[in-house]
Amino acid sequence: MNNFIPSQNQLHHKSEQERVVLVGVYGMQYERDIADEYIQELELLAATAGGKTIEKFLQNRDHPEPSTYIGGGKLNEILEFVKAEQIDAIIFDDDLTATQSRNIEQRTKAKVLDRSNLILDIFASHAKTSAAKTQVELAQLEYLLPRLTRYWTHLSRQKGGIGTKGPGETQIETDRRLIGKRISMLKEKLRKLDKQRKVQRKGRVDNLRISLVGYTNAGKSSLMNALTESGVKVENKLFATLDSTVRKLRVGKEDVLLSDTVGFIRKLPHRLIESFKSTLDEIRESDLLLHVVDATSPLMDDYIKTVHETLREIGADQVPEIMIFNKIDGIQDAEFLAGLKRAYPDAIPASALRGMGLESIKEAVACRLEERYIEKELILPVEDQKVVSFLHDVAQIDKLKYHEDKISVHFKINRKYLGVLNGLLERSDKDLSYVK
Ligand SMILES: Nc1nc2c(ncn2[C@@H]2O[C@H](COP(=O)(O)OP(=O)(O)OP(=O)(O)O)[C@@H](O)[C@H]2O)c(=O)[nH]1
Ligand SMILES: [Mg+2]
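Summarised in this report is the structure supplied together with it. A quick note: this is a predicted structure, and the numbers were derived from the prediction, not measured.

All right, on to the overall build of the protein chain then. Helix and strand content of the protein chain: 16 helices and 14 strands. In the protein chain, which comprises 436 residues, the proportion classed as buried is 51%. Here the analysis covers contacts within the protein chain between residues at least 6 apart in sequence; of these, 70% occur between residues at least 24 apart. Carbon and sulfur atoms provide 49% of the accessible area of the protein chain, an area that totals close to 20900 Å².

Here it is, written out as structure tokens:
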């Protein structure tokens, strides 16, 4: 059976951008000003997926129309526009039911997509590694399964483009059973990949692990590059990063492992979170999170909330976080900055672009590292140089005093070296003891 993810050249078979219109509703969960911001985000999502937004439609409704989501009048208005402007696709900010999409498609004869479609589509075209590809394919198929009938008719008519970067025409005859089999196979593959990843991770249990988390496009990869002087891909696109990259970061006397991770977004499809579990494990198993926030966004508070909700959803809400307000170079208003400081006194202002705030971030990380250190005092026989040189290597020696045949050392040591130290001490069966 063919792979459901089409090859790269199939992804961009249309040389010109698809012409799309966006549709949002306010008055149900949020008001007009918020809906405006959301639809702007949808425009960025559409652009990332290769669509050019020609028009945006917003409707005030207190409940969704069961058969078409929006009301008949608005739908007619959109229909006229779609015909007049040769629109390829209509993209809804909210998720539609299979029936709603089918009804709207039949009326408008245009391709109908929702937010989840778009996100899945972007993930599909950005997935590079085997793990990411497998995870995306699984999410796509699970999204598709309950909508199968609609998609088969839909795909036989459409010639690809945004939202169709899943099963193509050649699989039209493929039935549920085959998809079910494919899903089990993908799950098995992910299970194996997950096992490998766990083995690899065992090798680095000693280091403190820190993950950069945050809303998509907040500047996580940029910050990773600024902090570690590496060349992780940075783009003004949503979901530029799908796989976590790990780099070493020197903080004081220690190397910590810093991971760049996939960004979050409002209404990240649940399937996607499920299938990205192993990538998200990286976050859950971290010792510390650097929560990167785009401080120039008017939706900043909303983004912070979404990130916290997603962290809760993946079981990472217990991991301590340091909040970083990035893109501070874009804020000229001193009063706004002061307000931010009052509202979030612990957040660190930074600019990955200008290299601002990097030292403060490292200091804050070092502070957390401190908590992992323990203070000790040891009395050793003077000839026990092995222990002393070990301490010189890994500990911070505060005081070292020679008395006739003994040495007393006062030091701070990372708790993770205590095992080795105790091993060394046991082997030299001399008269030695911890004072502290
Ligand atoms: N002005 C300004 N722009 C920034 C700063 N940091 C990042 N950017 C820009 O923000 C955009 C997104 O940056 P990325 O580092 O790719 O963001 P990300 O959080 O990794 O995004 P995803 O991987 O897509 O979730 C890029 O266009 C960056 O150049 C900053 O400090 N100031
Ligand atoms: Mg990134």
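Here the narrative resumes.
Among the 22 residues in the neighbourhood of ligand 1, the closest are listed as Lys-220, Ser-222, Ala-240, Thr-241 and Asp-329. Residue Gly-219 places a main-chain N or O atom 2.9 Å away from an oxygen atom belonging to ligand 1. For ligand 1, whose free accessible area comes to 650 Å², the fraction covered by protein is 89%. Per-element tally for the shell around ligand 1: the top contributor is helix 9 (residues 220–228), with three residues. A per-class count over the shell around ligand 1 returns seven nonpolar, ten polar and five charged.

It is worth spelling out the packing of aromatic side chains at this point. Using the criterion set out here, one finds six aromatic pairs in the structure. Note on Phe-390 and Tyr-417: the rings are 6.4 Å apart at their centroids and 85 degrees apart in plane angle, and the pair reads as edge-to-face. Here Tyr-417 lies in the loop between strand 13 (406–414) and helix 16 (418–427) and Phe-390 lies in helix 15 (residues 385–394), a separation of 27 residues in the sequence. Among the residues examined, Phe-390 registers a relative accessible area of 15% and is labelled buried. The exposure class assigned to Tyr-417 is partly exposed, which follows from its relative accessible area of 23%.

As a further point, take the nonpolar core. One recurring pattern in soluble globular proteins is that nonpolar side chains are buried together. Counting 48 residues, the largest nonpolar core has Leu-45, Phe-123, Phe-239, Leu-268 and Ile-283 as its most contacted members. Listing elements by their share of this core, those giving two or more residues are strand 1 (18–26), helix 2 (32–48), strand 3 (89–92), helix 5 (115–126), helix 6 (130–144), helix 10 (270–275), helix 11 (277–284) and helix 12 (300–313). Taken domain by domain, the makeup of this core includes at least three residues from each of domain 1 (8–171) and domain 2 (209–370). Residues within four places of Leu-268 in sequence aside, it is in contact with Ile-119, Phe-123, Phe-239 and Ile-273.

On to the sheet that holds strand 3, then. Strand order in the open sheet formed by four strands is 2-1-3-4, with parallel pairing between adjacent strands. Each end of this open sheet is capped by a strand with a single partner; those strands are strand 2 (51–60) and strand 4 (111–114). Geometrically, the sheet is characterised by an average inter-axis angle of 25 degrees between neighbouring strands, direction not taken into account. Alignment of strand 1 against strand 3, held across four bridges, turns out to be parallel. Pairing of Val-21 across the sheet is with Ile-90, part of strand 3. Of the strands in this sheet, strand 1, strand 2 and strand 3 touch helix 2, which is tilted by about 155 degrees from strand 2. Contacting strand 1, strand 2 and strand 3, helix 3 (residues 72–84) crosses the sheet at an angle of about 160 degrees to strand 2.

Criteria and cut-off values
- Residues numbered from 1 in each chain as written.
- Chains lettered and ligands numbered in written order.
- Predicted model: local features only at pLDDT ≥ 70, side-chain atom pairs only at ≥ 80, totals over all residues.
- Heavy atoms only, no water.
- Helix = DSSP H or I, 4+ residues; strand = E, 2+ residues; numbered from the N terminus.
- Buried < 20%, exposed > 50% of the residue type's maximum accessible area, 1.4 Å probe, protein only.
- Contact = heavy atoms within 4.5 Å.
- Areas by Shrake-Rupley, 256 points an atom, 1.4 Å probe, with all protein chains shown as cover.
- Near = heavy atom within 4 Å.
- Polar contact = N/O pair within 3.5 Å; in protein donor to acceptor, adjacent residues only side chain to side chain.
- Nonpolar A, V, L, I, M, F, W, Y, C, P; charged D, E, K, R; others polar.
- Phe/Tyr/Trp six-rings, centres within 6.5 Å; stacked < 30°, edge-to-face > 60°.
- Core = buried A, V, L, I, M, F, W, Y, C linked by side-chain atoms within 4.5 Å.
- Domains from an automatic or database assignment.
- Pairing = 2+ DSSP bridges.
- Axes fitted to C-alpha atoms, helices over the stretch in contact; angles between N-to-C directions.

As far as function goes, none of this settles anything; it's purely spatial.
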